[in-house]
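# Chains, contacts and geometry: an overview
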Amino acid sequence: MSSQNNIKVVARFRPVNKVEQQQHPPDGKPIIDINDGNTQVNLYNDDSNNYSFDRVFDLQSKQEDVFEYGVRGIVDDVISGYNGTVFAYGQTGSGKTYTMMGSDIDDNNSKGIIPRITEQIFESILTSPPNMEYLVKVSYMEIYMERIRDLLSPNNDNLQVHEDKVRGVYVKNLSDYYVGDAKEVYEIMRQGSLARAVSSTNMNAESSRSHSIFLISIQQKNIETGSQKTGNLYLVDLAGSEKIGKTGATGQTLEEAKKINKSLSALGMVINALTDGKSTHIPYRDSKLTRILQESLGGNSRTTLIVNASPSEYNVDETISTLRFGMRAKSIKNSARVNTELSPAELKNLLKKSQRDRALYENFVNALEAELRQWRSGKTVPKEEWTTKESASKENIPLNTTIPSTPTKPINQNLDVARDEGRPATPVPLNLDKDEREDFLKHENELSDQLADKEKALTSLEKVLKELRDELDFYKNSHQTLNEENSNFQTQLSDLRLQFERLEFDNKDNIINMDVLRDRNTELTASVNDLNKSLEEARNAQKDSLAEDFEKKKAEKMAQMMAKFDATGFTEKDDVLRDLLAKIDSIDHDENLNGGTLTSDDLGAIRRQLLESQSLARDSQDKLRTSEQENRSLVIKREEVESRLHSLESEFEELLEKSIKEEEANNLDLQESINGIKDKLEAQFNSKREKTEVEVNDLRQQIENKNQDITSLKGEVQNLVGLNDELKRAFAVTSAGIEGGKNLVDSARDLERTRKSLASQLNDFEGMKKSLMKDLQDRCEKVVELEIELDQYKEQYAQVLRSTNNKAAQKKMAFLERNLEQLTLVQKGLVDQNQSLKKEVAIAERKLLARSERINNLEHLLQEADKRLVISNAKFEGQLQAVRERLEQARSQKASTNASINFGRIAKPLRGGGGSGSASASPTNKKTIDLSGASDNDSGSSTKRASWFFSSGK
Ligand SMILES: Nc1ncnc2c1ncn2[C@@H]1O[C@H](COP(=O)(O)OP(=O)(O)OP(=O)(O)O)[C@@H](O)[C@H]1O
């Protein structure tokens, strides 16, 4: 049933890639030379660099050629029940995946081996006899960092390799899916490819860092005979075989590279051991890869190794290493046989045969024992009678002989024997017999399971540890964040406190400033009051001095004026008259008492007196005339003064107008002050003018009165003239009486009357004189006052003129006014400042209150935030716990059911179509496969390899 055959090794060179093209010549250009038979490749045209293979494919080789030569036969064998293996070996980017998968599944030229195999399998099933029923199952795994991962159930990432006598070497718990057509195979491959571990290296951005193994298991059953055959096809895409240094791998990638290289070097060691002809121990157990491929290398398998290489100088070292690897593998011998399970009839025949053999051997043993007994008893047995197998078999053994004492071996034991035939002996530590070996393998499997469990536990513990570390980091970070926040809050709080203190300080400062300003304000108010007072005093003093001057001037003028009116004459004459009258009175009295008479002296005196009174009357008349003249001149003067006053008024107004205009033109700012001054002066002037007018009217009235007085005075003078005439007459009478001595009594009586009328006239005159004097004095006073006022007006006018013309004085006045204004403004400003400071203080106090409230609020918020943080921490912990639990649940659920692939759990028997391609070949339970979601997960670096393969197939 088994046949020895060598591993088929083919070499394939890919075209020069861009990286190689960019190298300096001759690095980029191909250095390979393939012989005409396509069995040898020579590097640099150097014979020492010749490498022989079953077939060498050059740069332009087609996918179809590689398939037809290297793989098609294997697929036929697998369908026939053999095990088959196709694996691609080579450095990164040498074309392994291109060869295995191809670049476009729908393109006949570029699709790779696996699509072609898949198609061929289903085509072969269709063309097989109709009595043949097939079950096709697929599994997909990868070996990454010496751990086997189920790519169709990625959580199963530490699968163990088991071996037993029935199944041989297998991966325990590897999931498998029934498939009904090529599309389902591709979908499963796509799903598996998504889970592959891929990492970049310098040499190939999409380089695979793991070994991937796609397993297609074809079980065929002859529904007529019941016989079954099972063929397993391993399709292996090995990881890049490059040297570590060249990849630039470091860290995790370096660890990967070491383990991958370890796995690949174990593969090399196995190949060496299998091919050197001396080794008794094949180190399959040195790596997971070699353990899984144990049947494929020197065992029960038809195997093709495709070595992929670069044709360029740039990668020559890796190419040589790859070609050497292929060369060594070429001499491995496999013993492939069909994996059958016999039908009951075949088993019956087998049983009969074995029973016959058993009877034969029992006869042989019995004959040998009989001969032995003879020898032991000292007898000899002639050579011709020595028992042989043939002589023992000559004894008739019935075909239906049953030997109950020796139980028949179980069928599967027979099968095991059959299976064991082609399997390379798995190395065991001692030379154990078959049962012990089985026990050993069993024990090894158990230990392997335990190891896997321990590793799983370790992994989960590591995960928990990592999670705990992450959690710890998270808590550390959050603690740090909280600390930072806390310190930030504290900083803010201390800032706020500082601000609060500063505000408090500012507030105190403001209060102090306010007090100082209040004091200054009081002082200034006092000084302003003092100034006002002193100003008032100065004004009063000025007023007093003016009044004094006025009184003085008035007195002087009055003195001058009164000097003109000589009243002494009147007084003297009055006195003389009084004496004369007294004398006359005494004469009358003496006459009456003593009969006395007037002497001639007395008469002479009277005469003189009369003459003097006549002259006095004349003087009075003269003075009256002079007074009238003066009165008239005074009227004229008053009118002049009035006209002068009017002209002055108009001049003043003109000047004022002019100066205001000038001032307006020069300094608009002084407009208000000038207007004020103007108004003041106008008001002053108007009041003065009114006063003057009143006085002038008064004066007019007085002049009227004086005229009346003058008229009455004239009357008086007339009276006096009459009196004088009477006196003259009386004197004449008196003189005649004296001379003639006659009628003296009559004369005395006349004299008496005259004296009386003279006395009364004198009294009247006296009163009149007094009133005249009084009137005169009043008038003089008025005139003097008017003159003084006129002088004052003149002075004021001169001052106004001076002030109008004198720019400096004007400026000084403006400056003083400005100063006054500024002082007022300063005072006002101080008052305002005081008020604004009060307001600011109130605002600051309010702000202070608000800030302290804010601080309280912040502190409260901080406390609340702390509380919330504690609560949210607790909540987060709860959530974390719940998430963890859910994750665990999900993991355990996912481990039991693979949700991503929703088909393939039910066997899909395929019936041979007898070459007709009839519908019966389709699986009875075939499901529609939804490929639409294929691109959904097609993202990220880990999916690139799958995407280019599957993209065009959608
Ligand atoms: N025979 C060929 N013809 C055309 N292009 C090829 C051929 N072989 C490889 N290539 C191209 O070279 C590039 C690298 O090939 P591939 O990915 O198959 O290398 P690899 O050996 O699988 O690399 P890794 O070990 O990193 O997985 C791809 O772009 C591929 O299309």
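Residues numbered from 1 in each chain as written. Predicted model: local features only at pLDDT ≥ 70, side-chain atom pairs only at ≥ 80, totals over all residues. Heavy atoms only, no water.

A few words on the overall build of the protein. In terms of helices and strands, the protein carries 20 helices and 18 strands. Across the 954 residues of the protein, 39% fall into the buried class. If you take every contact in the protein between residues at least 6 apart in sequence, the share linking residues at least 24 apart comes to 76%. Accessible area for the protein stands at about 53,800 Å²; split by element, carbon and sulfur atoms hold 52% of it. (Helix = DSSP H or I, 4+ residues; strand = E, 2+ residues; numbered from the N terminus. Buried < 20%, exposed > 50% of the residue type's maximum accessible area, 1.4 Å probe, protein only. Contact = heavy atoms within 4.5 Å. Areas by Shrake-Rupley, 256 points an atom, 1.4 Å probe, with all protein chains shown as cover.)

To continue, consider the pattern of salt bridges. Pairs can form between side chains of opposite charge once their charged atoms are near each other. One pass over the full model with this rule turns up 16 salt bridges. Among the ionic pairs, K466 bridges to D470, the shortest N-O distance being 3.4 Å. Separated by 4 residues within a single helix, K466 and D470 lie in helix α14 (residues 434–564), roughly one turn from each other. The class of D470 is partly exposed, set by a relative accessible area of 37%. Between D515 and R518 there is a salt bridge, with the nearest N and O atoms lying 3.3 Å from each other. Placement of both D515 and R518 in helix α14 is noted, with a separation of 3 residues, approximately one turn of the helix. We classify D515 as partly exposed; its relative accessible area is 33%. (Salt bridge = Lys/Arg side-chain N within 4 Å of Asp/Glu carboxyl O.)

Attention now goes to the packing of aromatic side chains. One pass over the full model with this rule turns up 5 aromatic pairs. Centre to centre, the rings of Y140 and F214 are 5.0 Å apart; their planes meet at 85 degrees, and the pair counts as edge-to-face. Taken together, the residues span a long stretch of sequence, with Y140 in strand β8 (residues 132–144) and F214 in strand β13 (residues 211–222) at a distance of 74 residues. Here Y140 and F214 have matching classes, each one buried. Over the aromatic face of Y69 sits the side chain of K8, whose NZ or CZ is 4.7 Å from the ring centroid. One residue, R55, lies across the ring of Y69, its end atom 4.3 Å from the ring centre. (Phe/Tyr/Trp six-rings, centres within 6.5 Å; stacked < 30°, edge-to-face > 60°. Lys NZ or Arg CZ within 6 Å of the ring centre and 35° of its normal.)

One can find N131 in the loop between α5 (113–127) and β8. Among the polar contacts made by the side chain of N131, one reaches the side chain of N222 at a distance of 3.3 Å. Of the polar contacts made by the side chain of N131, one reaches the side chain of E224; its length is 3.1 Å. Not counting chain neighbours up to four residues away, the residues in contact with N131 comprise K221, N222, I223 and E224. (Polar contact = N/O pair within 3.5 Å; in protein donor to acceptor, adjacent residues only side chain to side chain.)

Ranked by size, the top nonpolar core spans 48 residues in total, and within it F13, V41, F53, L267, I292 and L305 carry the most contacts. In this structure, F13 is in contact with I32, I34, V41, V56, F57, D58, L59, A309, S310, P311, T319 and L323, ignoring residues within four places of it in sequence. (Core = buried A, V, L, I, M, F, W, Y, C linked by side-chain atoms within 4.5 Å.)

For the rest of this paragraph, the subject is helix α11 (residues 344–376). With 33 residues, α11 extends 46 Å from end C-alpha to end C-alpha; this agrees with the ideal 48 Å at 1.5 Å per step. Residues of α11 that are buried include every one of L347, A359, L360, N363, F364, A367 and E371, and no others. (Expected span 1.5 Å × (residues − 1).)

Turning our eyes to something else, we now look at the pairing of β13. With 10 of 12 residues buried, β13 lies mostly within the body of the structure. Examined bridge by bridge, β8 and β13 share 12 bridges and lie antiparallel to one another. Note that in β13 the partner of Y140 across the bridge is F214. What sits between β13 and strand β14 (residues 228–237) in their antiparallel hairpin is a turn of 5 residues, with G226 showing a positive phi close to 85 degrees. (Pairing = 2+ DSSP bridges.)

As summarised here, the arrangement of the 3 strands in space is β3-β4-β5, forming an open sheet in which the pairing is antiparallel. What marks the edges here is a single partner per strand, and that holds for β3 (32–34) and β5 (50–52). Neighbour to neighbour, the strand axes of the sheet diverge by 25 degrees on average, direction disregarded. Across the sheet, helix α10 (residues 316–330) is in contact with β4 (40–43) and β5; its angle to β5 comes to roughly 40 degrees. (Axes fitted to C-alpha atoms, helices over the stretch in contact; angles between N-to-C directions.)

All of the buried residues in helix α3 (residues 72–79) are I74, V75, D77, V78 and I79. Downstream of α3 by one or two residues, G81 has phi in the positive range, about 110 degrees.

So, on to the confidence of the model for the protein. Of the residues in the protein, 70% reach a pLDDT of 70 or more, and the chain-wide mean stands at 74. Mean pLDDT across the elements of the protein ranges from a minimum in helix α20 (residues 944–950), with 37, to a maximum in strand β6 (residues 55–57), with 95. In this model residues 199–206 is a low-confidence stretch, pLDDT under 50, and it forms 23 contacts with partners more than four residues away in sequence or in other chains. Long-range and interchain partners of residues 398–424, a stretch whose pLDDT sits below 50, account for 44 contacts in this model, where long-range means more than four residues apart. Across the assembled chains, the prediction reports ipTM 0.98 with pTM 0.50. (pLDDT = per-residue confidence, 0-100.)

Moving on, we get to the packing of helix α2 (residues 63–70) against α5. Where α2 meets α5, the closest approach of the two axes is 10 Å, and the angle between their N-to-C directions is 55 degrees. With respect to α5, the element α2 is oriented oblique. Considering the relative orientation of α2 and α5, their crossing is right-handed. Residues Q63, E64, V66 and F67 of α2 form the contact with α5, whose own contacting residues are I113, R116, I117 and Q120. Classifying every residue of the contact of α2 with α5 by side-chain character gives 4 nonpolar, 2 polar and 2 charged. (Parallel < 35°, antiparallel > 145°, perpendicular 65-115°, else oblique. Left-handed = near helix turned anticlockwise from the far one by under 90°. Nonpolar A, V, L, I, M, F, W, Y, C, P; charged D, E, K, R; others polar.)

Take unusual backbone geometry next. Even without being glycine, N38 reaches a positive phi, approximately 55 degrees. Checked against the element boundaries, N38 lands in the loop between β3 and β4.

In this section: the packing of α3 against α5. It is the contact of α3 with α5, at a shortest axis distance of 10 Å, that shows an interaxial angle of 45 degrees. Considering their axes alone, α3 and α5 lie oblique with respect to each other. When you trace α3 past α5, the crossing you get is right-handed. Note on element contacts: α5 touches α3 through I117, Q120, I121 and S124, opposite R72, V75, D76 and I79.

Here strand β10 (residues 161–164) runs beside strand β11 (residues 168–171); their pairing, made up of 4 bridges, is antiparallel. Of the residues in β11, the one forming a bridge with D164 is G168. Linking β10 back to β11 in an antiparallel pair, the connection comprises 3 residues.

Here E163 lies in strand β10. Through-space distance from the C-alpha of E163 to that of L441 is 6.6 Å; in sequence the pair is 278 residues apart. Separated by 3.3 Å, the side chains of E163 and R291 make a polar contact.

Let us look at the environment of D181. Take D181: it is sitting in the loop between β12 (177–178) and α6 (182–194). Residues D181 and F122 lie 59 residues apart in sequence; the distance between their C-alpha atoms is 6.6 Å. Of note is the side chain of D181, whose polar atom sits 3.3 Å from the backbone nitrogen of K183. Within polar-contact distance, the side chain of D181 engages the backbone nitrogen of E184 at 3.0 Å.

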